[in-house]
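Take a look at the letters that make up each chain.
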Amino acid sequence: MLIRRAPLIPSSEITPERVYRQRRELLGLLGLGTVGLLAGCGSADTEAPAAKAAPTQPLGPYDTAEARTSFEQASTYNNYYEFGTDKEDPAKYAKNFKPRPWTVEVSGLAENTGMFELDDLVKPAPREERVYRMRCVEAWSMVIPWMGVPLAKVIEALKPTPAARYVAFETLYDPARMPGQSRAVLDWPYREALRMDEAMNPLPLLVTGMYGRDLPNANGAPLRLVVPWKYGFKGIKGIVAIRFLEDEPLTTWKSLAPDEYGFYANVNPTVDHPRWSQASERRLAEGTSLFNSRIPTLPFNGYAEQVAHLYQGMDPKVLY
Ligand SMILES: Nc1nc2c(c(=O)[nH]1)N[C@H]1C(S)=C(S)[C@@H](COP(=O)(O)O)O[C@H]1N2
Ligand SMILES: [Mo]
């Protein structure tokens, strides 16, 4: 996401016909059909017979039948600029980061403010596993089983006042522990936020683990946010502060490049990034590499049914 670097999209990633057909077959087996998922693929889709829909239980928004990204892939290909800007850097340079003990400062327009031990902060709800698609604004994506508690449950326990319209998050600022912060690539600390009704939707998770284990340092240990219908940069890592605010705060990527990264950052295949298309994505999953797996991007990353109502009447360009 370095703003001056052009996206690396070699022609070799264009889906070979054979792989494309295999995927159609797989989708058929899974009972997903092809029309909705592959509608973006154009004319190639029309000559093949419609896949037979197998009787499958719909999995619902908290799981998916799509191939998962492996733990190895998800924990070694990361964006976490506090530990360097290359995808391999976080795994390398966060290896010795100590994520415990950890406290989170809650402040602003709420009844329960103050310093919280991490375990106390996430106590209001049992930890659950949810398998979400994660779509980076750079047009790659993963399918990850996260462990965490619904953000809405944590917020309820903090009792924001009616004046609170936004909830903001901040990453640890500690250049001695986060070597990437000694370079001015971002305006540290990393900052993100949600509108309160977005935050109270059941989908956002405050994540403390993945793949049944503690969250790796490279993925934001010990506490990060996951908002599956938004571009990955909204999923702030290494959270040490939560603030309830009346006005929309300035978030890190928006402050750096407001024409390229907005506050809402909802996944939208019809609104291109100024320097690349958002119509499709490279899916990094078990059995695939980033270069053979281009699939169409779905509105709200496939979570429209859960969240589209939050944005009724708003301009789609604003929502990017
Ligand atoms: N503090 C912090 N949080 C961050 C980032 C970062 O650089 N710093 N990168 C974001 C981006 S761009 C993405 S795509 C996701 C990547 O999460 P992952 O490495 O667990 O896949 O983390 C997001 N959260
Ligand atoms: Mo990202």
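Scoring rules and cut-offs
- Residues numbered from 1 in each chain as written.
- Chains lettered and ligands numbered in written order.
- Predicted model: local features only at pLDDT ≥ 70, side-chain atom pairs only at ≥ 80, totals over all residues.
- Heavy atoms only, no water.
- Helix = DSSP H or I, 4+ residues; strand = E, 2+ residues; numbered from the N terminus.
- Buried < 20%, exposed > 50% of the residue type's maximum accessible area, 1.4 Å probe, protein only.
- Contact = heavy atoms within 4.5 Å.
- Areas by Shrake-Rupley, 256 points an atom, 1.4 Å probe, with all protein chains shown as cover.
- Near = heavy atom within 4 Å.
- Polar contact = N/O pair within 3.5 Å; in protein donor to acceptor, adjacent residues only side chain to side chain.
- Nonpolar A, V, L, I, M, F, W, Y, C, P; charged D, E, K, R; others polar.
- Pairing = 2+ DSSP bridges.

## Observations concerning the overall build of the chain
Across its full length, the chain carries nine helices and 12 strands. Each of the 320 residues in the chain was classed as buried or not, and the buried ones make up 52%. The contacts of the chain with a sequence gap of at least 6 include a subset with a gap of at least 24, amounting to 72%. Carbon together with sulfur atoms contributes 56% to the accessible area of the chain, which is approximately 14700 Å² in total.

## Regarding the site of ligand 1
Close contacts around ligand 1 come from 17 residues, with N78, Y81, E82, G235 and K237 the closest. In this structure, Y81 approaches ligand 1 through a main-chain N or O atom, which is 2.8 Å from an oxygen atom. In isolation ligand 1 offers 530 Å² of accessible surface; the protein chains occlude 99% of this area. The residue makeup of the shell around ligand 1, split by class, is eight nonpolar, six polar and three charged.

## Side note on the environment of K234
Position of K234 among the secondary structure elements: in the loop between β9 (224-226) and β10 (239-245). Separated by 32 residues in the primary sequence, K234 and N266 have C-alpha atoms spaced 9.4 Å apart. In this structure the side chain of K234 is engaged in a polar contact, spanning 2.7 Å, whose partner is the side chain of E192. A polar contact of 2.6 Å, which involves the side chain of K234, links it to the backbone oxygen of F263.

## A short note on the pairing of strand β4 (residues 140-150)
On a regular strand, one side chain projects to one face of the sheet and the next to the other, so that they alternate. Among the 11 residues that make up β4, 11 are buried, leaving the element largely enclosed by the rest of the structure. Sheet topology note: the strand β3 (residues 128-135)/β4 ladder contains eight bridges and is antiparallel. Counted as the bridge partner of R135 is S141 from β4. Between β3 and β4, which follow one another and run antiparallel, lie four residues, and A139 among them has a positive phi close to 80°. Strand direction decides the pairing type here: β4 and strand β11 (residues 280-283), joined by two bridges, are parallel. Residue S141 lies in a different strand from β11, and its bridge partner there is R283. As paired elements, β4 and strand β7 (residues 205-210) share five bridges and run antiparallel to each other.

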